[in-house]
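Geometric and topological summary
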Amino acid sequence: MKKVYIAGHRGMVGSAIVRKLEAIGGFDIVSRERELLDLTSQAEVQDFFQSEKIEQVYLAAAKVGGIHANNTYPAEFIYENLMMECNIIHQAYAAGVKQLLFLGSSCIYPKLAQQPMVETVLLNGHLEATNEPYAIAKIAGIKLCESYNRQYGVDYRSVMPTNLYGENDNFHPENSHVIPAMMRRFHEAKLRDDKEVVVWGTGTPMREFLHVDDMAAACIHVMELDKTIYSEHTQPMMSHINVGSGVDCTIRQLAETMKVVVGFEGEILFDTSKPDGTPRKLMDVSRLERLGWKASVSLQDGLEMTYHWFLEHAAELRSV
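What you see is a predicted model; the values in this text were computed from it and never measured.

Topic: the nonpolar core
Within the largest apolar cluster, 42 residues are counted, with the highest numbers of intra-cluster contacts made by Tyr5, Leu39, Phe49, Val57, Ile88, Leu100 and Tyr156. Breaking this core down by element, the ones donating at least two residues are β1 (2-7), α2 (42-52), β3 (56-59), α4 (74-94), β4 (99-103), α5 (132-152) and β5 (155-161). With seven residues, α5 is the single largest residue contributor to this core. Each residue touching Tyr156, except ones within four places of it in the same chain, is listed here: Ile89, Ala92, Tyr93, Val97, Lys98, Gln99, Leu100, Cys145, Tyr148 and Asn149. If you look at the next biggest cluster of nonpolar residues, it comprises 32 residues, including Leu101, Val212, Met223 and Trp293.

Here's what the structure looks like:
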């Protein structure tokens, strides 16, 4: 069995990768609780890799958050993410790990990037200011993988997901992203029998969403690709691959779909005094499709799956 380490196994993406690998079979999955392994500690990560003899690494561990968290804790976001990436990538190499997959974010691309965003627009413009420290750390992770490939001949790859949602998402009322925040708002409005739900902005911005089960499947697909095939579709210093659905929708369409999924019977109002943010964020996923993978979970199906999970965990989420 192939011994695989999932860094960030309790997070939304890491836990989905664990579920997918377990379903496939043939993998000896290794994980460590945060209390047992501090990924920002060089010594602890070194000891872990030297003792475990890992063959593959999925680097899904990260400090993440919404706009408020990124603005409030910029030093923590850049420091902790850089330290985790540096420690894991270097110590994996030092321990002889040949295969590693680094998970980045679509925020690596310039704020005003042409839509849909192709991989080659990286470093061609200014980043969105609200999450620049996080984006810089993710860009560094890509370049770490590429640099270790070039100098040491390892096979370290990177994938850049679009907006993700699904099981084990963060449903905090203040620090969550658009889908979990909206789902919780509609659900609580339904329980109170409210007559309306207010959504920020005009509802016109367009966003792309990918269910986390699709993300896990894409990660494993990219990890298991033959090295020659992967190299034919990437370049040594532009090796990352976008992962998305290739389809976007307006915030209004998302809200209307969410209303149906949750079963809210009131009205949707848009607070146009609130900011809209970037007009559109869509990933060009043609590189990934040429490599043989395409998303399979529709937005409505994905939201229904997520809401089912949300209802099963509603009691514990109320305290969050």
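Picking up where we left off.
Quick word on the pairing of strand β11 (residues 267-271)
Where a strand is regular, its side chains alternate between the two sheet faces. Burial along β11 is one-sided: Ile268 and Phe270 are buried, while Glu267, Leu269 and Asp271, pointing the other way, are not. Sheet topology places strand β7 (residues 196-200) next to β11; five bridges connect them, and they run parallel. Across the sheet, residue Glu196 finds its bridge partner in β11, namely Glu267.

Some points on helix α6 (residues 178-192)
For α6, spanning 15 residues, the distance from its first C-alpha to its last is 21 Å, which sits close to the expected 21 Å at 1.5 Å a residue. Listed as buried for α6 are Ile179, Pro180, Ala181, Met182, Met183, Arg184, Phe186, His187 and Ala189. Downstream of α6 by a residue or two, Asp193 has a phi angle that is positive, lying close to 60°.

Let's talk about the sheet that holds strand β2 (residues 27-30)
An order of β2-β1-β3-β4-β5-β9 is seen for the six strands of this open sheet, with the pairing classed as parallel. Strands at the two margins of the open sheet, each flanked by one partner only, are β2 and β9 (241-243). Strand-to-strand twist across the sheet, computed as the mean angle between neighbouring axes with direction ignored, equals 25°. Relative to β3, β1 runs parallel, the two being bridged by four bridges. Paired with Val4 across the two strands is Gln56, which belongs to β3. Of the strands in this sheet, β1, β3, β4 and β5 touch α4, which is tilted by about 170° from β3.

As for the pairing of β1
As defined by bridge partners, β1 adjoins β2 across four bridges and the pair is classed as parallel. The partner of Lys3 across the bridge, within β2, is Asp28. With respect to chirality, the unit in which β1 leads through helix α1 (residues 12-24) into the neighbouring parallel β2 is right-handed.

A closer look at the packing of α1 against helix α7 (residues 212-224)
Following both chains from N to C, one finds α1 and α7 inclined at 65°, their axes separated by 8 Å at the closest point. By crossing handedness, the relation of α1 to α7 is classed as right-handed. Across the interface between the two elements, Met12, Val13, Ala16, Ile17, Arg19, Lys20, Leu21 and Ile24 from α1 touch Val212, Asp213, Met215, Ala216, Ala217, Cys219 and Ile220 from α7. A breakdown of the residues in the contact of α1 with α7 according to their chemical character gives 12 nonpolar, no polar and three charged.

Calculation notes
Residues numbered from 1 in each chain as written. Predicted model: local features only at pLDDT ≥ 70, side-chain atom pairs only at ≥ 80, totals over all residues. Heavy atoms only, no water. Core = buried A, V, L, I, M, F, W, Y, C linked by side-chain atoms within 4.5 Å. Buried < 20%, exposed > 50% of the residue type's maximum accessible area, 1.4 Å probe, protein only. Helix = DSSP H or I, 4+ residues; strand = E, 2+ residues; numbered from the N terminus. Contact = heavy atoms within 4.5 Å. Pairing = 2+ DSSP bridges. Expected span 1.5 Å × (residues − 1). Axes fitted to C-alpha atoms, helices over the stretch in contact; angles between N-to-C directions. Right-handed = clockwise from strand over helix to strand, strands pointing away. Left-handed = near helix turned anticlockwise from the far one by under 90°. Nonpolar A, V, L, I, M, F, W, Y, C, P; charged D, E, K, R; others polar.

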